[in-house]
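Per-entry structural report
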Amino acid sequence: MKNPRITLAMLLLVYSFNFLDRQILSILAQPVQRDLGLDDSQMGMLGGLAFAALYSTLAIPLALIADRTSRTWVITLSLAVWSAFTALCGTAQNFTQMFLFRLGVGVGEAGGVAPSYALIADTFPPERRARALAIYSLGIPLGAAGGVLLGGYIAQAVEWRTAFYTVGLAGLVIAPFFRLLVKDPPRPAASADRIPVGRVFGILAAKPSFWLLAFGAAAGSMCGYGVAFWLPSLMMRSFGLDLIQTGQFFGALLLTGGVAGILLGGSLGDRLGARDKRWYALLPALCYVLGTPLFIAGVLSGGWVAAFALFLLPQALVYVWLGPVLTAVQHLVPAHMRATASACFLLINNLIGLGLGSWVVGELSKGLVPTYGSESLRYAIAAALCLYLVAGALMALASRRLERDWVA
(Lines give C-alpha, C1' and ligand atoms only; values in the text may rest on other atoms or scores of the structure.)
Protein backbone atom coordinates (compact mmCIF):
# COMPACT_ATOMS: atom_id res chain seq x y z
CA MET A 1 0.00 0.00 0.00
CA LYS A 2 1.62 3.26 -1.15
CA ASN A 3 -0.81 5.84 0.23
CA PRO A 4 1.42 8.53 1.84
CA ARG A 5 -1.23 9.31 4.45
CA ILE A 6 -1.39 5.70 5.62
CA THR A 7 2.40 5.56 5.76
CA LEU A 8 2.52 8.73 7.84
CA ALA A 9 -0.31 7.58 10.11
CA MET A 10 1.40 4.26 10.85
CA LEU A 11 4.75 5.95 11.44
CA LEU A 12 3.01 8.35 13.83
CA LEU A 13 1.44 5.42 15.69
CA VAL A 14 4.79 3.66 16.06
CA TYR A 15 6.49 6.88 17.19
CA SER A 16 3.74 7.43 19.74
CA PHE A 17 4.53 4.02 21.22
CA ASN A 18 8.21 4.96 21.14
CA PHE A 19 7.52 7.87 23.49
CA LEU A 20 4.79 6.10 25.44
CA ASP A 21 7.25 3.36 26.39
CA ARG A 22 9.95 5.94 27.08
CA GLN A 23 7.83 8.39 29.11
CA ILE A 24 5.83 5.96 31.21
CA LEU A 25 8.71 5.68 33.67
CA SER A 26 8.33 9.37 34.60
CA ILE A 27 4.77 9.04 35.91
CA LEU A 28 5.72 5.81 37.66
CA ALA A 29 8.89 7.29 39.20
CA GLN A 30 7.45 7.71 42.69
CA PRO A 31 6.09 4.14 43.15
CA VAL A 32 9.16 2.65 41.38
CA GLN A 33 11.52 4.60 43.65
CA ARG A 34 9.57 3.51 46.70
CA ASP A 35 9.39 -0.20 45.80
CA LEU A 36 12.97 -0.54 44.51
CA GLY A 37 14.56 1.82 47.06
CA LEU A 38 16.05 4.29 44.56
CA ASP A 39 17.24 7.89 45.08
CA ASP A 40 16.82 10.78 42.62
CA SER A 41 20.24 10.21 41.07
CA GLN A 42 19.52 6.54 40.32
CA MET A 43 16.08 7.39 38.99
CA GLY A 44 17.62 10.02 36.74
CA MET A 45 20.01 7.40 35.34
CA LEU A 46 17.10 5.09 34.55
CA GLY A 47 15.27 7.91 32.79
CA GLY A 48 18.25 8.99 30.70
CA LEU A 49 21.62 7.25 30.66
CA ALA A 50 20.25 3.68 30.83
CA PHE A 51 18.08 4.37 27.83
CA ALA A 52 20.35 6.64 25.80
CA ALA A 53 23.64 4.72 26.01
CA LEU A 54 22.78 2.12 23.37
CA TYR A 55 19.88 4.05 21.84
CA SER A 56 22.29 6.70 20.58
CA THR A 57 25.21 4.53 19.49
CA LEU A 58 23.23 1.76 17.79
CA ALA A 59 21.17 4.23 15.79
CA ILE A 60 23.98 4.66 13.25
CA PRO A 61 24.55 0.97 12.32
CA LEU A 62 20.80 0.36 12.24
CA ALA A 63 20.32 3.42 10.00
CA LEU A 64 23.03 2.08 7.67
CA ILE A 65 21.14 -1.21 7.46
CA ALA A 66 17.92 0.71 6.76
CA ASP A 67 19.60 2.75 3.99
CA ARG A 68 20.93 -0.43 2.35
CA THR A 69 17.94 -2.74 2.85
CA SER A 70 14.37 -2.09 3.98
CA ARG A 71 13.47 0.80 6.25
CA THR A 72 10.07 -0.69 7.05
CA TRP A 73 11.59 -3.98 8.20
CA VAL A 74 14.07 -2.19 10.46
CA ILE A 75 11.26 -0.15 12.03
CA THR A 76 9.05 -3.22 12.48
CA LEU A 77 11.71 -5.29 14.22
CA SER A 78 12.74 -2.34 16.36
CA LEU A 79 9.16 -1.86 17.56
CA ALA A 80 8.96 -5.52 18.55
CA VAL A 81 12.26 -5.42 20.47
CA TRP A 82 11.60 -2.24 22.46
CA SER A 83 8.04 -3.35 23.28
CA ALA A 84 9.31 -6.69 24.64
CA PHE A 85 11.84 -4.96 26.89
CA THR A 86 9.21 -2.47 28.08
CA ALA A 87 7.12 -5.41 29.25
CA LEU A 88 10.18 -6.88 30.98
CA CYS A 89 10.60 -3.64 32.98
CA GLY A 90 7.53 -4.77 34.92
CA THR A 91 9.51 -7.76 36.24
CA ALA A 92 12.44 -5.71 37.65
CA GLN A 93 13.27 -6.34 41.31
CA ASN A 94 16.19 -3.91 41.75
CA PHE A 95 18.12 -1.06 40.14
CA THR A 96 20.42 -3.32 38.12
CA GLN A 97 17.60 -5.27 36.51
CA MET A 98 15.64 -2.13 35.67
CA PHE A 99 18.80 -0.54 34.23
CA LEU A 100 19.41 -3.54 31.96
CA PHE A 101 15.80 -3.65 30.77
CA ARG A 102 15.90 0.08 30.01
CA LEU A 103 19.06 -0.54 28.01
CA GLY A 104 17.03 -3.07 26.02
CA VAL A 105 14.29 -0.52 25.37
CA GLY A 106 16.97 1.82 24.05
CA VAL A 107 18.41 -0.89 21.78
CA GLY A 108 15.00 -1.40 20.19
CA GLU A 109 14.14 2.27 19.80
CA ALA A 110 17.54 2.92 18.18
CA GLY A 111 16.17 1.51 14.92
CA GLY A 112 12.91 3.42 14.85
CA VAL A 113 13.48 7.13 14.38
CA ALA A 114 16.22 7.71 11.78
CA PRO A 115 14.71 5.28 9.22
CA SER A 116 11.33 6.94 9.79
CA TYR A 117 12.76 10.39 9.02
CA ALA A 118 14.26 9.04 5.81
CA LEU A 119 11.06 7.19 4.86
CA ILE A 120 9.07 10.42 5.24
CA ALA A 121 11.63 12.38 3.21
CA ASP A 122 11.38 9.75 0.45
CA THR A 123 7.57 9.81 0.51
CA PHE A 124 6.78 13.55 0.64
CA PRO A 125 8.01 16.34 -1.70
CA PRO A 126 10.27 19.10 -0.28
CA GLU A 127 7.50 21.70 -0.03
CA ARG A 128 5.47 19.37 2.26
CA ARG A 129 8.36 17.79 4.15
CA ALA A 130 8.50 19.99 7.26
CA ARG A 131 4.76 19.53 7.81
CA ALA A 132 5.01 15.76 7.32
CA LEU A 133 7.92 15.56 9.77
CA ALA A 134 5.98 17.75 12.19
CA ILE A 135 2.96 15.43 12.01
CA TYR A 136 5.28 12.49 12.63
CA SER A 137 6.78 14.37 15.59
CA LEU A 138 3.31 14.59 17.14
CA GLY A 139 4.21 11.13 18.39
CA ILE A 140 6.28 12.87 21.07
CA PRO A 141 3.43 14.70 22.90
CA LEU A 142 0.83 12.05 22.00
CA GLY A 143 3.01 9.19 23.21
CA ALA A 144 4.28 11.04 26.25
CA ALA A 145 0.74 12.08 27.20
CA GLY A 146 -0.45 8.50 26.70
CA GLY A 147 2.39 7.28 28.90
CA VAL A 148 1.61 9.55 31.84
CA LEU A 149 -2.17 9.16 31.57
CA LEU A 150 -2.26 5.40 30.98
CA GLY A 151 0.59 4.72 33.38
CA GLY A 152 -1.03 6.79 36.11
CA TYR A 153 -4.44 5.18 35.80
CA ILE A 154 -3.11 1.61 35.65
CA ALA A 155 -0.67 2.16 38.53
CA GLN A 156 -3.43 3.67 40.65
CA ALA A 157 -5.94 0.92 39.81
CA VAL A 158 -3.56 -2.04 39.93
CA GLU A 159 0.20 -1.45 40.27
CA TRP A 160 3.10 0.04 38.32
CA ARG A 161 4.28 -3.33 37.00
CA THR A 162 0.99 -3.89 35.18
CA ALA A 163 1.44 -0.57 33.36
CA PHE A 164 4.72 -1.80 31.84
CA TYR A 165 3.16 -5.14 30.85
CA THR A 166 0.20 -3.42 29.17
CA VAL A 167 2.05 -0.96 26.96
CA GLY A 168 4.77 -3.46 26.06
CA LEU A 169 2.34 -6.11 24.85
CA ALA A 170 0.32 -3.52 22.91
CA GLY A 171 3.44 -2.61 20.90
CA LEU A 172 4.04 -6.26 20.04
CA VAL A 173 0.51 -6.48 18.64
CA ILE A 174 0.99 -3.43 16.41
CA ALA A 175 4.32 -4.53 14.87
CA PRO A 176 2.98 -7.02 12.25
CA PHE A 177 0.23 -4.60 11.17
CA PHE A 178 2.84 -1.91 10.53
CA ARG A 179 4.82 -4.25 8.28
CA LEU A 180 1.70 -5.18 6.29
CA LEU A 181 0.55 -1.58 5.72
CA VAL A 182 3.81 0.29 5.12
CA LYS A 183 6.04 -0.30 2.09
CA ASP A 184 9.39 1.20 1.11
CA PRO A 185 9.03 3.70 -1.78
CA PRO A 186 11.46 3.43 -4.72
CA ARG A 187 14.81 5.08 -4.04
CA PRO A 188 17.47 6.49 -6.38
CA ALA A 189 19.84 3.96 -7.92
CA ALA A 190 22.67 5.30 -5.75
CA SER A 191 20.85 4.03 -2.68
CA ALA A 192 21.92 0.52 -3.56
CA ASP A 193 25.57 1.45 -2.95
CA ARG A 194 27.20 0.45 0.30
CA ILE A 195 27.79 3.85 1.82
CA PRO A 196 30.40 3.93 4.63
CA VAL A 197 29.20 5.84 7.66
CA GLY A 198 32.51 7.69 7.60
CA ARG A 199 31.64 9.14 4.21
CA VAL A 200 28.26 10.40 5.40
CA PHE A 201 29.73 11.80 8.60
CA GLY A 202 32.55 13.41 6.63
CA ILE A 203 30.02 15.33 4.53
CA LEU A 204 28.18 16.46 7.65
CA ALA A 205 31.32 17.27 9.65
CA ALA A 206 32.46 19.71 6.96
CA LYS A 207 29.29 21.77 7.41
CA PRO A 208 29.19 24.15 10.40
CA SER A 209 25.39 24.21 10.28
CA PHE A 210 25.29 20.50 11.16
CA TRP A 211 27.29 20.96 14.37
CA LEU A 212 25.33 24.03 15.40
CA LEU A 213 21.97 22.36 14.72
CA ALA A 214 23.04 19.16 16.49
CA PHE A 215 24.43 20.82 19.61
CA GLY A 216 21.59 23.34 19.68
CA ALA A 217 19.06 20.51 19.57
CA ALA A 218 21.10 18.60 22.18
CA ALA A 219 21.02 21.55 24.59
CA GLY A 220 17.27 21.94 24.08
CA SER A 221 16.68 18.22 24.42
CA MET A 222 18.81 18.01 27.56
CA CYS A 223 16.48 20.54 29.13
CA GLY A 224 13.33 19.12 27.53
CA TYR A 225 13.94 15.50 28.48
CA GLY A 226 15.07 16.46 31.97
CA VAL A 227 11.98 18.58 32.61
CA ALA A 228 9.63 16.02 31.02
CA PHE A 229 11.01 13.23 33.19
CA TRP A 230 10.93 15.13 36.49
CA LEU A 231 7.86 17.36 36.05
CA PRO A 232 5.42 14.65 37.24
CA SER A 233 7.51 14.18 40.41
CA LEU A 234 7.55 17.97 40.91
CA MET A 235 3.76 18.16 40.66
CA MET A 236 3.41 15.49 43.33
CA ARG A 237 6.12 16.77 45.68
CA SER A 238 5.69 20.55 45.44
CA PHE A 239 2.15 21.09 44.13
CA GLY A 240 0.36 18.36 46.11
CA LEU A 241 -1.18 16.43 43.19
CA ASP A 242 -1.74 12.68 43.37
CA LEU A 243 -0.83 10.14 40.66
CA ILE A 244 -4.04 10.53 38.65
CA GLN A 245 -4.10 14.33 38.93
CA THR A 246 -0.47 14.51 37.85
CA GLY A 247 -1.17 12.34 34.81
CA GLN A 248 -4.10 14.56 33.87
CA PHE A 249 -2.05 17.74 34.39
CA PHE A 250 0.94 16.64 32.33
CA GLY A 251 -1.18 14.85 29.73
CA ALA A 252 -3.33 17.93 29.12
CA LEU A 253 -0.21 20.09 28.89
CA LEU A 254 1.36 17.82 26.27
CA LEU A 255 -1.82 17.41 24.24
CA THR A 256 -2.48 21.15 24.04
CA GLY A 257 0.87 22.93 24.13
CA GLY A 258 2.95 20.14 22.63
CA VAL A 259 0.67 19.36 19.69
CA ALA A 260 0.10 23.04 18.89
CA GLY A 261 3.84 23.79 18.95
CA ILE A 262 4.80 20.94 16.65
CA LEU A 263 2.09 21.73 14.10
CA LEU A 264 2.98 25.42 14.21
CA GLY A 265 6.65 24.62 13.67
CA GLY A 266 5.92 22.41 10.66
CA SER A 267 3.60 24.93 9.03
CA LEU A 268 5.80 27.97 9.64
CA GLY A 269 8.93 25.99 8.75
CA ASP A 270 7.60 25.14 5.29
CA ARG A 271 6.22 28.63 4.71
CA LEU A 272 9.19 30.67 5.94
CA GLY A 273 11.82 28.16 4.82
CA ALA A 274 10.53 28.33 1.22
CA ARG A 275 11.42 32.02 1.22
CA ASP A 276 14.68 31.85 3.15
CA LYS A 277 16.31 28.65 4.39
CA ARG A 278 17.73 30.44 7.42
CA TRP A 279 14.28 30.29 8.99
CA TYR A 280 14.61 26.52 9.50
CA ALA A 281 17.03 27.36 12.33
CA LEU A 282 16.04 30.94 13.20
CA LEU A 283 12.43 30.04 14.02
CA PRO A 284 13.39 27.51 16.74
CA ALA A 285 15.95 29.99 18.12
CA LEU A 286 13.29 32.65 18.66
CA CYS A 287 10.88 30.18 20.25
CA TYR A 288 13.47 28.84 22.71
CA VAL A 289 14.34 32.33 23.93
CA LEU A 290 10.71 33.43 24.25
CA GLY A 291 9.62 30.32 26.13
CA THR A 292 12.34 30.12 28.80
CA PRO A 293 11.24 32.86 31.25
CA LEU A 294 7.62 31.67 31.23
CA PHE A 295 8.69 28.10 31.95
CA ILE A 296 10.82 29.21 34.90
CA ALA A 297 7.96 31.32 36.25
CA GLY A 298 5.66 28.28 36.12
CA VAL A 299 8.11 26.09 38.02
CA LEU A 300 8.46 28.72 40.75
CA SER A 301 4.71 29.50 40.96
CA GLY A 302 2.63 28.76 44.02
CA GLY A 303 -0.20 26.59 42.66
CA TRP A 304 -0.95 24.09 39.92
CA VAL A 305 -3.48 26.36 38.15
CA ALA A 306 -0.93 29.15 37.78
CA ALA A 307 1.72 26.61 36.78
CA PHE A 308 -0.47 25.18 34.02
CA ALA A 309 -1.28 28.64 32.64
CA LEU A 310 2.40 29.63 32.63
CA PHE A 311 3.55 26.30 31.15
CA LEU A 312 1.10 26.24 28.25
CA LEU A 313 2.73 28.72 25.85
CA PRO A 314 6.37 27.69 26.44
CA GLN A 315 5.39 24.04 26.13
CA ALA A 316 4.29 24.88 22.59
CA LEU A 317 7.30 27.07 21.82
CA VAL A 318 9.95 24.51 22.79
CA TYR A 319 8.42 21.93 20.43
CA VAL A 320 8.51 24.22 17.38
CA TRP A 321 12.07 23.13 16.47
CA LEU A 322 11.19 19.58 15.42
CA GLY A 323 9.74 20.06 11.93
CA PRO A 324 12.14 22.79 10.74
CA VAL A 325 15.38 21.34 12.16
CA LEU A 326 14.67 17.77 11.11
CA THR A 327 13.91 19.02 7.61
CA ALA A 328 17.19 20.96 7.52
CA VAL A 329 19.19 17.89 8.54
CA GLN A 330 17.62 15.88 5.70
CA HIS A 331 18.95 18.46 3.26
CA LEU A 332 22.58 18.47 4.41
CA VAL A 333 23.30 15.24 2.45
CA PRO A 334 22.13 13.56 -0.79
CA ALA A 335 18.83 11.66 -0.60
CA HIS A 336 20.33 8.15 -0.33
CA MET A 337 22.24 9.12 2.84
CA ARG A 338 19.30 10.54 4.79
CA ALA A 339 18.74 7.79 7.35
CA THR A 340 22.44 7.69 8.21
CA ALA A 341 22.61 11.50 8.42
CA SER A 342 19.61 11.49 10.74
CA ALA A 343 21.30 8.87 12.91
CA CYS A 344 24.46 11.01 13.15
CA PHE A 345 22.31 13.96 14.23
CA LEU A 346 20.39 11.80 16.71
CA LEU A 347 23.65 10.40 18.13
CA ILE A 348 24.67 13.85 19.32
CA ASN A 349 21.16 14.97 20.24
CA ASN A 350 20.25 11.90 22.26
CA LEU A 351 23.60 11.07 23.83
CA ILE A 352 23.77 14.57 25.32
CA GLY A 353 20.10 15.49 25.57
CA LEU A 354 18.42 12.23 26.47
CA GLY A 355 21.45 10.69 28.16
CA LEU A 356 22.23 13.56 30.51
CA GLY A 357 18.98 15.51 30.89
CA SER A 358 17.13 13.57 33.57
CA TRP A 359 20.36 12.55 35.33
CA VAL A 360 21.65 16.14 35.58
CA VAL A 361 18.34 17.37 37.01
CA GLY A 362 18.34 14.43 39.46
CA GLU A 363 21.92 15.21 40.55
CA LEU A 364 21.07 18.90 40.94
CA SER A 365 18.04 18.02 43.02
CA LYS A 366 20.09 15.70 45.22
CA GLY A 367 22.79 18.36 45.67
CA LEU A 368 20.29 21.10 46.55
CA VAL A 369 18.58 19.11 49.32
CA PRO A 370 20.74 20.65 52.11
CA THR A 371 19.70 24.14 50.93
CA TYR A 372 16.10 23.70 49.77
CA GLY A 373 15.00 20.45 51.42
CA SER A 374 11.84 19.00 49.85
CA GLU A 375 11.78 21.87 47.32
CA SER A 376 15.18 20.96 45.83
CA LEU A 377 13.64 19.50 42.67
CA ARG A 378 11.81 22.77 41.94
CA TYR A 379 15.05 24.78 41.90
CA ALA A 380 16.96 22.09 40.01
CA ILE A 381 14.41 22.25 37.18
CA ALA A 382 14.45 26.07 37.18
CA ALA A 383 18.25 26.07 36.79
CA ALA A 384 18.16 23.46 34.02
CA LEU A 385 15.66 25.53 32.00
CA CYS A 386 18.44 28.02 31.21
CA LEU A 387 19.75 25.44 28.72
CA TYR A 388 16.97 26.57 26.38
CA LEU A 389 18.80 29.91 26.06
CA VAL A 390 21.96 28.05 25.02
CA ALA A 391 19.92 26.12 22.45
CA GLY A 392 18.49 29.36 21.06
CA ALA A 393 21.92 30.92 20.65
CA LEU A 394 23.30 27.88 18.78
CA MET A 395 20.27 27.72 16.47
CA ALA A 396 20.66 31.44 15.65
CA LEU A 397 24.30 30.80 14.68
CA ALA A 398 23.25 27.81 12.55
CA SER A 399 20.84 30.00 10.58
CA ARG A 400 23.78 32.03 9.25
CA ARG A 401 25.38 28.97 7.56
CA LEU A 402 22.36 26.97 6.47
CA GLU A 403 21.94 28.44 2.99
CA ARG A 404 25.44 27.51 1.82
CA ASP A 405 25.34 24.00 3.36
CA TRP A 406 21.98 23.05 1.82
CA VAL A 407 21.74 20.14 -0.67
CA ALA A 408 18.88 20.66 -3.12
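Everything here concerns the structure above.
Residues numbered from 1 in each chain as written. Predicted model: local features only at pLDDT ≥ 70, side-chain atom pairs only at ≥ 80, totals over all residues. Heavy atoms only, no water.

**Brief notes about the packing of helix 1 (residues 4-27) against helix 8 (residues 126-137)**
Viewed as axis vectors pointing N to C, helix 1 and helix 8 meet at an angle of 40°, and their least axial separation amounts to 8 Å. Put simply, helix 1 runs oblique to helix 8. Taking contact as the criterion, the partners of Leu8, Leu11, Leu12 and Tyr15 in helix 1 are, on helix 8, Ala132, Ile135, Tyr136 and Ser137. Here the residues of the contact of helix 1 with helix 8 sort into seven nonpolar, one polar and no charged. (Axes fitted to C-alpha atoms, helices over the stretch in contact; angles between N-to-C directions. Helix = DSSP H or I, 4+ residues; strand = E, 2+ residues; numbered from the N terminus. Parallel < 35°, antiparallel > 145°, perpendicular 65-115°, else oblique. Contact = heavy atoms within 4.5 Å. Nonpolar A, V, L, I, M, F, W, Y, C, P; charged D, E, K, R; others polar.)

**Side note on the side chain of Ser70**
Among the structural elements, Ser70 can be located in the loop between helix 4 (49-68) and helix 5 (71-89). There is a polar contact of 3.2 Å between the side chain of Ser70 and the backbone nitrogen of Trp73. In this structure the side chain of Ser70 is engaged in a polar contact, spanning 2.6 Å, whose partner is the side chain of Asp184. (Polar contact = N/O pair within 3.5 Å; in protein donor to acceptor, adjacent residues only side chain to side chain.)

**Observations concerning a nonpolar patch on the surface**
A surface patch of nonpolar side chains, amounting to about 250 Å² of accessible area, comprises Tyr165, Leu169 and Leu172. Here Tyr165 lies in helix 10 (residues 160-181). (Patch = residues over 30% accessible without salt bridge, like charges linked within 9 Å, V, L, I, M, F, W, Y side chains within 5 Å. Areas by Shrake-Rupley, 256 points an atom, 1.4 Å probe, with all protein chains shown as cover. Salt bridge = Lys/Arg side-chain N within 4 Å of Asp/Glu carboxyl O.)

**Points about the nonpolar core**
Core analysis: the biggest nonpolar cluster contains 133 residues, and Leu213 and Phe345 have the highest contact counts within it. Considering every element that reaches this core, the biggest residue donor is helix 12 (residues 208-237), with 17 residues. (Core = buried A, V, L, I, M, F, W, Y, C linked by side-chain atoms within 4.5 Å. Buried < 20%, exposed > 50% of the residue type's maximum accessible area, 1.4 Å probe, protein only.)

**Section: the side chain of Ser209**
Its location among the elements puts Ser209 in helix 12. What makes Ser209 buried here is its relative accessible area of 0%.

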